[in-house]
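# Fold and contact review
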Amino acid sequence: MADILRYGAYLPKHRTPLGELQSFYGRPGRPRARTLATPGLDEDTFTMAYEAATEALAGARAPAALISVTMSAPFGLRKMSATLARALGLAEDTVAYDLGGHPGSLMDALALAAALATGDRPVAVVASDHLVSYEERVCDTLSAGGAAAFVIGASGGFATLGPASRASSEVYDVWRLGTEPEPRYRLEVLFDAYASAAKGALAGLEKLTERPASAYASVAPSQPHPQTLRSLGKLGVSSEQLASTSFVGEIGNLGAASVGVAMAIALDAAEPGQQVLAFGYGAGEGIAQALEVTAAPPAIGAVGRIAGESIPLGTYYRWTRGRQAEPH
Amino acid sequence: MTVSAIEFSRLGPPKLRLYAMRCSGCNTLNPWWEKFHCYACGGEQLTHEELAGTGELTNYTVVYYPPRDFLGQEPYVVGHITMDEGVLLPAPVVDTAPEDVAIGTRVKATLRRMKLGHEGDIYYSQKFVVDPSAQPAG
Amino acid sequence: MRVGVLGIGKTPHKIQHHKSLRDLIVDAGRLAITDAGVSPSDIQMLYVGNVGSVGFNYENSTGLMAAHHLGVVPAGAVRVEAACGTGAWALHLGVVAIASGLYDRVMVVGAEKMNDLATVEGTSVIAQAADSKEEYFSGLTFPSGVALTARKYMQTYGLTEEDLAHTSVKNHHYGARNPYAHLRFECTVEEVMRSAKVADPLKLYEVCPMTDAGSALVLCREEILRDQPEKPQVYITATSMASGTWYAATDTLEDAHRLFAEPAQKAYAMAGISAGDIDVAEIYNSFAIQEPLGIEGLGFAEPGKGWEGAADGSTWMDGKVAINLSGGLLCKGHPLGATGSSQAVDIIEQLRGTAPEGIQRKDAEIGISACRGGPGAVGAIHIYQRLEG
């Protein structure tokens, strides 16, 4: 077992009105998110990771390791975690790990951090993302940017990383071939795969903890699309459990940062004695983990950051040139 | 203004952190570029000193015609920020409308993309955001 | 010290897509050689002021190129660079060369071809005249760096943007009457205030245009000019150079004052005059705020009062000292390497009485040119006198 000592989250302040973007591209139908959290021209997954990590590490003991999670590093063939550690002013002996692959990788990172966090020094975990999407495709993929960070220690935190359960199947819902810049999407496959993975993982977690999904104070899920959250409802998760942690319909898909931002919102509102269910999903794999809150969390006001400032469509296009991507 | 990969590797690492140069002779804190001699006394013994990252805007301008690296960000604020440690540094102040800053505004440092080198490297450096709660330490 | 001005020449200041850098050098140079009544083989040393040929024009060895095309080979030739003070530095070296006694006749050419590049590219080249490696990382450009000085000046002396706008009004009044100026229109304070913002608080009419131009002088020993009494007897009687702050962040108003004040005092002493003896001045004003700062540094006004002459008429043509009757850099533009030499040519025209009608001060006898460079790194003062008999 390991504890969450502190956490942080970052959302860029700009909000692109998705309805206007859909009209611009002539896409039919109701926008599936009200806005997209759009990183500024001078922001990327690295700078957003820095912001979230700075918040999480404020007042924390120097970590022994830093694990960086992203699917859209601004530079390849280099360790983003290493550069991030330098930017954060971490000790020279801080070990840097890069982890990527799918949107649920934050859950993998938490597991690794729990294993690495021994003795006095904690492990920092940072997830950030800004997914690639071209032109009108962004209206489907809801590409947005954000970051979340957690400091994991062997003990002494306000919440314990409890049991975790995984369920996975081989699916092609979101994937990218080799060096292709844009991921491929099959949204209908995503919806099915998410539901299937959630069913398997939640069932497995219930078996481990003897606690059904409906018994948690809140549920903090990966949320690539509003429709994926409906499948949680069919598994016994109530709308109250998702009331504050559901944000994809407001600001879009944060990729690998999605489950982390949801966790930050859930932990902010949690009270000692409550449990939070974190569910990370990616590429057919669902990872459900119970977080046992043992003390008052050092709240950061994450939910207050969902609202941002609207930018005109012209500004969005000037920044992205139609390629909502990392980097701009 | 392009930056080559070699130049990036030479200048890059220090820019990830905000620091100034302390003169061992007269104790003056110089801007970070004064690595050869102290601006106040001419002394040649200067050492890195990290800054806390908070300060006050003591002068500023709003750029409407940016250099190439900043195209798309205009209009943006560039300020002279007197750090709480006493040294004055130039830096952009971002995520704020130009009309929302004034001399005396409190700011704190953050890390942002500054420019791209012509060899594709990204130069990260210090920019500032408005933060009324960013008070001097101690 | 008296260094004779044997000949002068200049090209128009404007966007000249059909002219290359070497065209500008040769055009200005040949005009000066013809005016001097010499041949290229009489020139013993060539000083070429040019700042940005590598960035603007993708060529480097401007001095050597100029020597070839002007036909002064085998005389020595060198390119001089000192940011925006380049032309004045080339002039200084020419003056020193004559004053040293080593040479009889030298030529100074300043030239810049800025408009082969688009404005955004040119802005980046110009930024190299300041600390583009470190300080300008912060998104500063030259206009925005000077804008910080303007705000500091306004704040220190309790001035408004309207107060400073009078400088542009005066410069545009004379620029409109100068056929060699890049911008030739008059404006009011209201029009200055309404012009597009460039870098707050500086507005478009308070910022110089990027221009293409060349200007040249043939200098000689005093005796050579004295022996030609039919030629205008205009001499350079002082040259004084200074360096100052390289970083805008550490450039104070006191530094700006000192940049001109100290070399000006030395120049006045060298020429045996005082500030009150000056009839005409060309003061560097690529941005309007620099004119009041220059006026104060040269001793024409107290600190904080340098702007008043443009408002009350005392720095207009018939005022106590006429400042920038050429329209200044605000109207001529700022052809980096040619500005210092252009200022010299304009003052010499005033002292010769050959400036265009409408900008010729009556009976001008003593003039001064004050050029600056970088954020506050170059101060260059030259004094010129018409000496009959």
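What counts, and where the lines are drawn
- Residues numbered from 1 in each chain as written.
- Chains lettered and ligands numbered in written order.
- Predicted model: local features only at pLDDT ≥ 70, side-chain atom pairs only at ≥ 80, totals over all residues.
- Helix = DSSP H or I, 4+ residues; strand = E, 2+ residues; numbered from the N terminus.
- Rg over C-alpha atoms; globule rule 2.2 N^0.38 Å.
- Buried ≥ 20, exposed ≤ 12 C-beta atoms within 10 Å, placed from the backbone.
- Contact = placed C-beta atoms within 7 Å.
- Pairing = 2+ DSSP bridges.
- Axes fitted to C-alpha atoms, helices over the stretch in contact; angles between N-to-C directions.
- Expected span 1.5 Å × (residues − 1).
- Domains from an automatic or database assignment.
- Nonpolar A, V, L, I, M, F, W, Y, C, P; charged D, E, K, R; others polar.
- Core = buried A, V, L, I, M, F, W, Y, C linked by C-beta atoms within 7 Å.

### Here we look at the overall build of chain C
The secondary structure content of chain C amounts to 14 helices and 12 strands. For 389 residues, the compact-globule estimate of 2.2 N^0.38 gives 21 Å, and chain C sits close to it at 19 Å. Each of the three principal axes of chain C carries a C-alpha extent, and together these read 55 × 45 × 35 Å. Per-residue burial for chain C yields a buried fraction of 62% across its 389 residues. Here the contacts in chain C between residues at least 6 apart in sequence split such that 78% fall between residues at least 24 apart.

### Some remarks on the sheet that holds strand β12 (residues 218-221) of chain A
Residues and elements named next belong to chain A. Within the open sheet, the nine strands sit side by side as β5-β4-β6-β8-β1-β9-β14-β13-β12. Their pairing is mixed. Every interior strand has two partners, whereas the edge strands, β5 (95-99) and β12, have only one. Looking at each pair of strands side by side, their axes are set apart by 25 degrees on average, direction ignored. Relative to strand β8 (residues 145-153), strand β6 (residues 123-130) is paired through eight bridges, and the arrangement is antiparallel. Within the sheet, the bridge partner assigned to V123 lies in β8 and is I152. Where helix α2 (residues 45-57) meets the sheet, it contacts β1 (2-10), β4 (65-69), β6 and β8, and its direction lies at approximately 35 degrees from that of β8.

### Examining unusual backbone geometry
Going from B:E74 to B:P75, the amide bond is cis rather than trans, its omega being -5 degrees. For B:P75, the location among the structural elements is in the loop between β4 (54-63) and β5 (76-83). Of note, the bond from C:D200 into C:P201 is cis; its omega dihedral lies within 30 degrees of zero at 10 degrees. With respect to the helices and strands, C:P201 occurs in the loop between β5 (197-200) and β6 (202-203). Unlike most non-glycine residues, A:E210 shows phi in positive territory, near 60 degrees. Among the residues examined, A:E210 registers 8 C-beta atoms within 10 Å and is labelled exposed. The phi dihedral of C:Y58 falls on the positive side, at around 55 degrees, and the residue is not glycine. Mapped onto the secondary structure, C:Y58 falls in the loop between α2 (53-57) and α3 (62-70).

### Here we look at α2(A)
All names here are of chain A. Over its 13 residues, α2 runs 18 Å from end to end, which matches the ideal 18 Å to within 8%, given 1.5 Å per residue. Within α2, 12 of the 13 residues are buried, leaving the element largely enclosed by the surrounding structure. Among the residues of α2, T45, F46, T47, M48, A49, Y50, E51, A52, A53, T54, A56 and L57 are the ones counted as buried. G59 sits one or two positions beyond α2 and adopts a positive phi of about 80 degrees.

### Concerning the domain arrangement of chain B
All names here are of chain B. By domain assignment, chain B separates into domain 1 (1-17 + 53-138) and domain 2 (19-51). Counting residues at the interface gives nine residues for domain 1, matched by seven residues for domain 2. Per-class residue counts for the side of domain 1 that touches domain 2 are five nonpolar, two polar and two charged.

### Examining the sheet that holds strand β15 (residues 309-310) of chain A
Residues and elements named next belong to chain A. In spatial order, the strands read β3-β2-β15; together these three strands make up an open sheet with mixed pairing. If you trace the sheet from one side to the other, it starts and ends with β3 (35-38) and β15, each paired once. Inspection of the sheet shows strand β2 (residues 14-17) paired to β15 by two bridges, in the parallel sense. By the bridge assignment, R15 is partnered in β15 with S310. Helix-sheet contacts for helix α1 (residues 18-25) involve β2 and β3, and the interaxial angle to β2 is about 45 degrees.

### Here we look at the interface of chain A and chain B
Taken together, the contact pairs 16 residues of chain A with 15 residues of chain B. The residue makeup of the side of chain A that touches chain B, split by class, is seven nonpolar, two polar and seven charged.

### What to know about the nonpolar core
One finds A:V125, A:V126 and A:I152 to be the most contacted residues of the largest nonpolar core, which totals 278 residues. Filtering out sequence-adjacent residues up to four positions away, A:V126 remains in contact with A:A49, A:A52, A:A53, A:L66, A:S68, A:V69, A:L84, A:A147 and A:A149.

### A short note on the interface of chain B and chain C
Counting residues at the interface gives 26 residues for chain B, matched by 28 residues for chain C. Mapped by element, the contributors of at least two residues to the side of chain B that touches chain C are β4, β5 and β6 (88-94) of chain B. For the side of chain B that touches chain C, the element with the most residues is β6(B), which contributes five residues. Residues of the side of chain B that touches chain C, tallied by class, amount to 21 nonpolar, four polar and one charged. Note that β4(B) and β5(C) share two bridges and pair antiparallel. Opposite B:V63, over in β5(C), you have C:A199 as the bridge partner.

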